[in-house]
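Structural overview
Residue-level listing of the chains:
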Amino acid sequence: MTNPISTLIDRAGATADRLAVVDGSGQYRYRDLLARSAQIARVLDPASGDLEEARVAFLVPPGFEHVATQWAVWRAGAVAVPIAPNYPAAEIAYTLDDAAPIAVVTTAAFAERIGPIAKSRGISTIVSSEISAPAARRIEPILGADRRAMMVYTSGTTGRPKGVVTTHGMLQAQITTLVEAWAWQAPDRGLHVLPLNHVHGIVNALCCPLWVGAAVEFLDPFDPVRCWERLGSGAISFFTAVPTIYARLIAAHDAASDTDRHRWRQGARAARLMCSGSAALPVSVLERWEALTGHRLLERYGMTEIGMALANPLAGERRAGTVGQPLPGVQARLVDESGYPLDRGPGEIQIRGAQVFLEYWNRPGETAAAFRDGWFATGDVAAVEDGYWRLLGRQSTDIIKSAGYKISALEIEETFRQHPAVIDCAVVGRPDPDLGERIGAAVVVSESVEPEPLRQWLEERLARYKVPRDIMVVDDLPRNAMGKVLKPAVRELLSSRAG
Ligand code: MCA
Ligand code: AMP
């Protein structure tokens, strides 16, 4: 055992009586989280006292039970693998095959969905709602900084999603960087509206408040009017979301009555900090939100593999269209195509520091390929202008960001090609005021098939946010003289037809 580390669970003892989680089922204190996670840990690991980094997958909707399950996995010495509740069977099966967990934890409502998929793979399913016996005393493992803690799936330029593994030490570095930069304090109360299988929702919106003994209020699913009601109550001090959510809040504001609008805006002013990230925040959204609520959104840049890396300042100028400067403890640099460091760029962002991930699960080749001399190569291109980092785009056109989700065009194309009537296809992202980018596909088919059944077929195989909203059947894909598909031409084709 090297370098034991303090975890959320160790810290919770000091704030046992404080409010920790509010969800649709009630209000819970830190002592409730400790008691419930001990119960679940006991069932996960009745005997050994240390599951020694075995993976435990859990499909539990956002709320108290989700947090208690996450803590239980850590208390049992296992690696937390969160699965989105709205994933179709094929995505769940892929995750279970890739992560090979020893058990799946779920609730009664989701047991029917994930139970049979787990069973057919010899993985046991624990229905947490059936666990009620008080936890017998057990000795918990002492978690070292270098023990694996979490595995979050992310899409990349290569095929199917990869499990991004972070250790307890890395997770702690990701959390404490933000606690320091954003001055999290115990009296804070965050409103949580994000999925809990991505770093934005896990680290920024959940682990940071719990680290300092603050409260987290869950709103699931996100609904703009209900969200405004909570922001408008004046009780929320911290809010973080993706640009699509801010765009939808603005639309809901504009559709509301004068009384509601006024009340919402006044209440929202009471917050301490509001952040945006996961995708580029349009300056128009930043300005409108500021005019409505008085909050100039703090835009930051992060990635599943590194947590948060660059951010506009808490105090000081938050410059529109930029992502600020490196966060405390984060080393960031720009390099040219041959890897030569540049002062101001444009160049690729590379990141080094204690918060950078350990590995892609079971993919040593891809892990090695992601680093250059110890620096993680993000694939994002930026330039530094007057001391502020500005994102300019991505090296790969095959990565799409829609509603804050990172999506691999190649994964969708590969799935499409498994359809018996699909000969070829090309998937692209097109600019969209609501989603940032909207996914579109041009498809060549061997027999007459309408776009709608193709879309439904994909929906059975991919998470909904990966399914193209625009599908166009074409005779041929536009190609260059070498036979390579011209994605800009595909984009134009879709724009000309879809409008
Ligand atoms: C959705 N719909 C569709 C399709 N997709 N219809 C046809 N074809 C499709 N492909 C339908 C939905 O079923 C729904 O219908 C309606 O369209 C609206 O769906 P959608 O636009 O998806 O909205 P939503 O379900 O309300 O969700 C919007 C959302 C969500 C709340 C913004 O996308 C979200 O939570 N995004 C955040 C993602 C995130 O956290 N990313 C962070 C990862 P109906 O209305 O009939 O039901 S990045 C990260 O973690 C890094 C570290 C970072 O930097 O942060
Ligand atoms: P993910 O892999 O889902 O963690 O998404 C990480 C990617 O989101 C980064 O590589 C960026 O391309 C993008 N991203 C995150 N924050 C921002 C931001 N503030 N502006 C533009 N893109 C962002």
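The model shown is predicted, which means the values in this text are computed figures rather than measured ones.

1. Considering the overall build of the protein chain
Secondary structure assignment for the protein chain yields 15 helices and 27 strands. The globule rule puts the C-alpha radius of gyration for 499 residues at 23 Å, and the 23 Å found for the protein chain is close to it. Principal-axis analysis of the C-alpha atoms places the extent of the protein chain at approximately 70 × 55 × 55 Å. Across the 499 residues of the protein chain, 59% fall into the buried class. Accessible surface for the protein chain amounts to roughly 20,200 Å². Of this, 51% is attributable to carbon and sulfur atoms. Positive and negative side-chain charges in the protein chain, numbering 53 and 57 respectively, have mean positions lying 3 Å apart.

2. What to know about helix α10 (residues 258-268)
Taken residue by residue, α10 has Trp264, Gly267 and Ala268 as its buried positions. Down the axis of α10, the buried side of the element spans an arc of 95°, and every buried residue falls inside it. Every exposed residue of α10 that faces more than 90 degrees away from the buried side is listed here: Asp258 and Thr259. In this structure, the buried residues of α10 make contact with α8 (224-232), α9 (243-255), β12 (273-276) and α11 (283-293).

3. Quick look at the nonpolar core
In terms of nonpolar packing, the biggest core is built from 81 residues, with Leu33, Leu44, Trp71, Trp74, Trp182, Leu210 and Trp389 touching the most fellow members. Residue contributions to this core peak at 8 residues, all from helix α7 (residues 199-211). The residues touching Trp182, leaving out its near neighbours within four places in the chain, are Asn204, Phe238, Arg272, Leu273, Cys275, Leu298, Arg300, Ala311 and Leu314. Residues Ile117, Tyr405, Cys425 and Trp457 belong to the second largest nonpolar core, which totals 45 residues.

4. Side note on the site of ligand 1
Inspection of the region around ligand 1 gives 25 residues, with Arg248, Ser278, Arg300, Arg464 and Val467 positioned closest. Within the side chain of Ser278, an N or O atom sits 2.5 Å from an oxygen atom of ligand 1. Residue Gly404 places a main-chain N or O atom 3.0 Å away from a nitrogen atom belonging to ligand 1. Its free accessible area being 1,100 Å², ligand 1 has 71% of it covered by the protein chains. Mapped by element, the contributors of at least two residues to the shell around ligand 1 are α7, α9 and β13 (298-303). Looking at the shell around ligand 1, its residues break down into 12 nonpolar, 7 polar and 6 charged.

5. Re the site of ligand 2
The full set close to ligand 2 counts 16 residues, and Arg300, Thr304, Asp380, Lys401 and Lys406 are the nearest of them. Within the side chain of Thr154, a nitrogen or oxygen atom sits 3.4 Å from an oxygen atom of ligand 2. Secondary-structure elements contributing two or more residues to the shell around ligand 2 are β13 and β22 (388-394). Here the shell around ligand 2 is built from residues that sort into 6 nonpolar, 4 polar and 6 charged.

6. Structural notes on the pattern of salt bridges
The full count for this structure, using the stated rule, is 37 salt bridges. Salt-bridge contacts for Glu359 lead to Arg148; the nearest nitrogen and oxygen are separated by 2.6 Å. Within this pair, whereas Glu359 is found in strand β19 (residues 359-360), its partner Arg148 is found in strand β7 (residues 148-154), the two being separated by 211 residues in sequence. A relative accessible area of 24% places Arg148 in the partly exposed class. Each of Asp398, Glu413, Arg417, Asp424, Arg479 and Lys487 takes part in a single network of salt bridges with overlapping partners.

7. Notes on the packing of helix α13 (residues 409-417) against helix α14 (residues 451-459)
Running from N to C, α13 and α14 cross one another at 110°; their axes reach a closest spacing of 10 Å. In terms of axis orientation, α13 runs roughly perpendicular to α14. Across from Ile412, Thr415 and Phe416 in α13, the residues of α14 making contact are Leu454, Trp457 and Leu458. By residue class, the composition of the contact of α13 with α14 is 5 nonpolar, 1 polar and no charged.

8. A look at the side chain of His198
Secondary-structure assignment places His198 in the loop between β9 (189-192) and α7. Owing to a relative accessible area of 18%, His198 belongs among the buried residues under this scheme. Discounting residues that sit within four places of it in the chain, His198 has contacts with Val152, Tyr153, Tyr405 and Tyr465.

9. A closer look at the sheet that holds strand β11 (residues 238-241)
The strand order β2-β1-β10-β9-β11-β12-β13-β14-β15 describes an open sheet built from 9 strands, whose pairing is mixed. Looking at strand neighbours, the two that pair on one side only are β2 (26-29) and β15 (325-326), the edges of this open sheet. Pairing of β9 with strand β10 (residues 215-218) involves 4 bridges; the strand directions are parallel. Its bridge partner lying in β10, Leu191 is registered against Glu217. Of the strands in this sheet, β9, β10, β11 and β12 touch α8, which is tilted by about 175° from β9.

Cut-offs used in this document
Residues numbered from 1 in each chain as written. Chains lettered and ligands numbered in written order. Predicted model: local features only at pLDDT ≥ 70, side-chain atom pairs only at ≥ 80, totals over all residues. Heavy atoms only, no water. Helix = DSSP H or I, 4+ residues; strand = E, 2+ residues; numbered from the N terminus. Rg over C-alpha atoms; globule rule 2.2 N^0.38 Å. Buried < 20%, exposed > 50% of the residue type's maximum accessible area, 1.4 Å probe, protein only. Areas by Shrake-Rupley, 256 points an atom, 1.4 Å probe, with all protein chains shown as cover. Lys, Arg positive; Asp, Glu negative; His and termini not counted. Charge placed at Lys NZ, Arg CZ, Asp CG, Glu CD. Arc of directions from axis to C-beta. Contact = heavy atoms within 4.5 Å. Core = buried A, V, L, I, M, F, W, Y, C linked by side-chain atoms within 4.5 Å. Near = heavy atom within 4 Å. Polar contact = N/O pair within 3.5 Å; in protein donor to acceptor, adjacent residues only side chain to side chain. Nonpolar A, V, L, I, M, F, W, Y, C, P; charged D, E, K, R; others polar. Salt bridge = Lys/Arg side-chain N within 4 Å of Asp/Glu carboxyl O. Axes fitted to C-alpha atoms, helices over the stretch in contact; angles between N-to-C directions. Parallel < 35°, antiparallel > 145°, perpendicular 65-115°, else oblique. Pairing = 2+ DSSP bridges.

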